[in-house]
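Examination of the molecular architecture
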Amino acid sequence: MSQEQWKHDVGEAALDYVEDDSVLGVGTGSTVNAFIDALAASGKRLEAAVSSSEATTRRLRELGIEVLDLNQVGGLDLYIDGADEFDPHRRLIKGGGGAHTREKIVAEASRRFVCIADESKRVGVLGRFPLPVEVIPMARSLVARKLVALGGQPEWREGFTTDNGNLVLDVHNLDLVDPVSMEQNINNLPGVVDCGLFARRPADVVLAGGPDGLNTL
Ligand code: 5RP
């Protein structure tokens, strides 16, 4: 079975968490796209969605799903999103698509965060995937030097601008044995908008598709 099939299966499995007539938080990426396709095919009715990116907003609207601004709704019951890595404590690295800042905002606003992933993304300790850090453009070099001082090797994702008009540094080789502290340390750097560590607020459930079927963490 291919990774595409795992994404399809986990996208379908996430439907079990979705209540009819609810307002759903929706993440970004290819696994989420598989979930959106499964949602459209399922006949489940959403009242509306809150989206974490312009790409997801376009996809939802194409399917006739109303997209609301987070400021128009109170808290959300459920947020569904993918990840680039997950650890045994359901802490994540996200931001491969550069949408992690809005994703973290929607996750924070949600009572329950269900992460949909596949077994290729499971790690014992986070950090195999380079950590995305969204930065204000004028602070790019300053933040890069600070990230080196924290032990990482930042690489500018050239030619990429986030939905918020900012840049992304992908940081290799950070020691993420204590991801909660590292998330705080990076986010305290002036010029950093947010990093892709979801450790302070991990996922509540990780559904991972794999060769042996679906695993729930
Ligand atoms: C986007 C993200 C995505 O959730 C993450 O990159 C996973 O994407 P995919 O499902 O395509 O592997 O954090 O910013």
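In what follows, the accompanying structure is described. (Residues numbered from 1 in each chain as written. Predicted model: local features only at pLDDT ≥ 70, side-chain atom pairs only at ≥ 80, totals over all residues. Heavy atoms only, no water.)

The strands that make up a sheet are held in pairs by hydrogen bonds between backbone atoms, and each pair lies either parallel or antiparallel. Overall, mixed pairing links the 7 strands, which are arranged β3-β2-β1-β4-β7-β13-β14 in an open sheet. Every other strand in the sheet has two partners, leaving β3 (67–68) and β14 (213–216) as the edge strands with one partner each. Both strand β2 (residues 48–51) and β3 contribute to a ladder of 2 bridges, which runs parallel. Counterpart to V50 in the pairing with β3 is L68. Here helix α2 (residues 30–42) sits on the sheet in contact with β1 (23–26), β4 (76–81) and β7 (110–118), set at roughly 105 degrees to β7. Against the sheet, helix α3 (residues 54–62) contacts β1, β2 and β3, and its axis sits at roughly 165 degrees relative to β2. (Pairing = 2+ DSSP bridges. Helix = DSSP H or I, 4+ residues; strand = E, 2+ residues; numbered from the N terminus. Contact = heavy atoms within 4.5 Å. Axes fitted to C-alpha atoms, helices over the stretch in contact; angles between N-to-C directions.)

Moving on: the environment of T57. Take T57: it is sitting in helix α3. The class of T57 is buried, set by a relative accessible area of 13%. Beyond its immediate chain neighbours, meaning those up to four positions away, T57 contacts S51 and V67. There is a polar contact of 2.9 Å between the side chain of T57 and the backbone oxygen of S53. (Buried < 20%, exposed > 50% of the residue type's maximum accessible area, 1.4 Å probe, protein only. Polar contact = N/O pair within 3.5 Å; in protein donor to acceptor, adjacent residues only side chain to side chain.)

As a further point, take the side chain of T56. Residue position: T56 is located in helix α3. Discounting residues that sit within four places of it in the chain, T56 has contacts with V26, G27, T28, I36 and S51.

Before going further, it helps to examine a nonpolar patch on the surface. Together, I136, M138 and V193 make up an exposed nonpolar region whose accessible area comes to about 300 Å². With respect to the helices, strands and loops of the structure, M138 is situated in the loop between β8 (131–135) and α5 (140–149). You can call M138 exposed: its relative accessible area is 78%. (Patch = residues over 30% accessible without salt bridge, like charges linked within 9 Å, V, L, I, M, F, W, Y side chains within 5 Å. Areas by Shrake-Rupley, 256 points an atom, 1.4 Å probe, with all protein chains shown as cover. Salt bridge = Lys/Arg side-chain N within 4 Å of Asp/Glu carboxyl O.)

It is worth spelling out α3 at this point. Residues of α3 that are buried include every one of T56, T57 and L60, and no others. Burial along α3 is one-sided: seen end-on, the buried residues are contained in an arc of 105 degrees. Residues of α3 that are exposed and angled more than 90 degrees away from the buried face: R58 and E62. The elements touched by buried residues of α3 are β1, α2, β2 and β3. A positive backbone phi angle near 80 degrees is found at G64, which sits one or two residues after α3. (Arc of directions from axis to C-beta.)

S30, T31, D84, G95 and K121 are the nearest of the 18 residues found near the ligand. Between K94 and the ligand, the recorded distance is 2.9 Å, taken from a side-chain N or O atom to an oxygen atom. Within the side chain of E103, one N or O atom sits 3.1 Å away from an oxygen atom of the ligand. The protein chains hide 90% of the 380 Å² of surface that the ligand would expose on its own. For the shell around the ligand, the class distribution of residues is 2 nonpolar, 10 polar and 6 charged. (Near = heavy atom within 4 Å. Nonpolar A, V, L, I, M, F, W, Y, C, P; charged D, E, K, R; others polar.)

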